[in-house]
Amino acid sequence: MERAASPLGNYVKLFSLKTKVQYRNFCDFVKTALNYYSNWQFAKVDLSLLTLYIGNNPYQISKDYQLKALSKDLYVYGETPLTTFDQIMNACDVKEGETYLELGCGRGRSCFLMNIVKKCKVVGIEHIPEFVNLANTIKERFYLSDIEFRCEDMYRSDFGQPS
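Some details on the nonpolar core
Nonpolar side chains tend toward joint burial in soluble globular proteins. Residues F42, F112, M114 and F149 are the most contacted members of the largest nonpolar core, which totals 32 residues. The set of elements that each furnish at least two residues to this core consists of α2 (40-52), α4 (82-92), α5 (109-116), α6 (129-141) and β3 (147-151). Those residues in contact with F42 that lie beyond four places of it in its chain are T32, Y36, Y37, L82, R109, F112, L113, I116 and V117.

So, in structure tokens, the structure goes:
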């Protein structure tokens, strides 16, 4: 017969998991900074975007939105770390001037990377208005062109040319 975990044991496990996640996030940030922050425009954009989310957790934003939408799946949000996205970009051999469409772009970090570093035309589609509004705030603050964020349901989106 299994023993139920003690509250202290559960706390220790959760604390350990949180510490591991924070460490991995820190390592990803350092790798991103080393790989891409030599591009000052991307560094400013990415740090500004990350600053907008201090105390405003994107996972919580998504969960709150899903609750209001009466969604059964409250935990659908996830981000591809930019270090992983870098591997995807390299495997796809992305070229300057190509158009990049991201369905479910969340905060838009990979959209900004593709636009600024790879010089691609970008359309990010996201159904959570707060993410789109904040991404557009960054776009306008830094006068970025050839990048657009749409607040739409990706299943109903028109995937024509960027506007």
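Having put the structure on the table, let's press on.
Notes on the confidence of the model for the protein chain
The pLDDT averaged across the protein chain works out to 90; a share of 94% of its residues lies at or above 70. Across the protein chain, element-level confidence peaks in α6 with a mean pLDDT of 97 and bottoms out in helix α1 (residues 7-36) with 88.

Some remarks on the pattern of salt bridges
Taken as a whole, this structure holds five salt bridges when the rule is applied. Among the ionic pairs, R109 bridges to D46, the shortest N-O distance being 2.8 Å. Linking R109 in helix α5 with D46 in helix α2, this pair joins segments that are 63 residues apart in sequence. Assessed through its relative accessible area of 13%, R109 is described here as buried. A salt bridge links K95 to D93; the nearest nitrogen and oxygen atoms lie 2.4 Å apart.

Points about the packing of α1 against α4
Interaxial distance between α1 and α4 falls to 8 Å at its minimum, and their mutual angle equals 50 degrees. With respect to each other, α1 and α4 are oriented oblique. In this structure, α1 contributes D28, K31, T32 and Y36 to the contact, and α4 contributes L82, T83, D86 and M89. Counted by class, the contact of α1 with α4 contains three nonpolar, two polar and three charged residues.

What about the layout of surface pockets?
Each pocket or cavity is described by its volume, and for the largest pocket that value is around 980 Å³. Forming the boundary of the largest pocket are 23 residues, of which V21, Q22, N25, Y59 and R107 lie nearest the centre. Those elements that place two or more of their residues in the lining of the largest pocket are α1 and α3 (58-68). Counting residues per element, the lining of the largest pocket draws most heavily on α1, at nine residues. V76, G104, E126, H127 and M154 are the residues nearest the centre of the second largest pocket, which is lined by 15 residues in total.

Re the pairing of strand β2 (residues 121-126)
With respect to burial, β2 is a largely interior element, five of its six residues being buried. Pairing of strand β1 (residues 99-103) with β2, which is carried by five bridges, proceeds in the parallel orientation. Looking at β2, one finds that Y100 is bridged to V122. Direction of pairing for β2 relative to β3: parallel, over a ladder of five bridges. Its bridge partner lying in β3, G124 is registered against F149. In this fold, the crossover linking β2 to β3 by way of α6 has right-handed handedness.

Comments concerning the environment of S38
Within the secondary structure, S38 sits in the loop between α1 and α2. Residue S38 is classed as exposed on the basis of its relative accessible area, which comes to 63%.

Considerations on the environment of T84
Tracing the backbone through its elements, the reader meets T84 in helix α4. A sequence separation of 56 residues divides T84 from D28, and the C-alpha atoms of the two residues are 9.0 Å apart.

So, the sheet that holds β1
Strand order in this open sheet of three strands is β1-β2-β3, and the pairing throughout is parallel. The sheet is open, and its two edges are formed by β1 and β3, each paired on a single side. For this sheet, the mean inter-axis angle between neighbouring strands, taken without regard to orientation, is 15 degrees.

Thresholds, definitions, all that
- Residues numbered from 1 in each chain as written.
- Predicted model: local features only at pLDDT ≥ 70, side-chain atom pairs only at ≥ 80, totals over all residues.
- Heavy atoms only, no water.
- Core = buried A, V, L, I, M, F, W, Y, C linked by side-chain atoms within 4.5 Å.
- Buried < 20%, exposed > 50% of the residue type's maximum accessible area, 1.4 Å probe, protein only.
- Helix = DSSP H or I, 4+ residues; strand = E, 2+ residues; numbered from the N terminus.
- Contact = heavy atoms within 4.5 Å.
- pLDDT = per-residue confidence, 0-100.
- Salt bridge = Lys/Arg side-chain N within 4 Å of Asp/Glu carboxyl O.
- Axes fitted to C-alpha atoms, helices over the stretch in contact; angles between N-to-C directions.
- Parallel < 35°, antiparallel > 145°, perpendicular 65-115°, else oblique.
- Nonpolar A, V, L, I, M, F, W, Y, C, P; charged D, E, K, R; others polar.
- 1 Å grid on protein atoms, 1.4 Å probe; cavity = no way out; pocket = protein on both sides within 12 Å on 5 of 7 lines; lining within 4 Å.
- Points joined across faces, edges and corners; volume = space filled by probe spheres on them.
- Pairing = 2+ DSSP bridges.
- Right-handed = clockwise from strand over helix to strand, strands pointing away.

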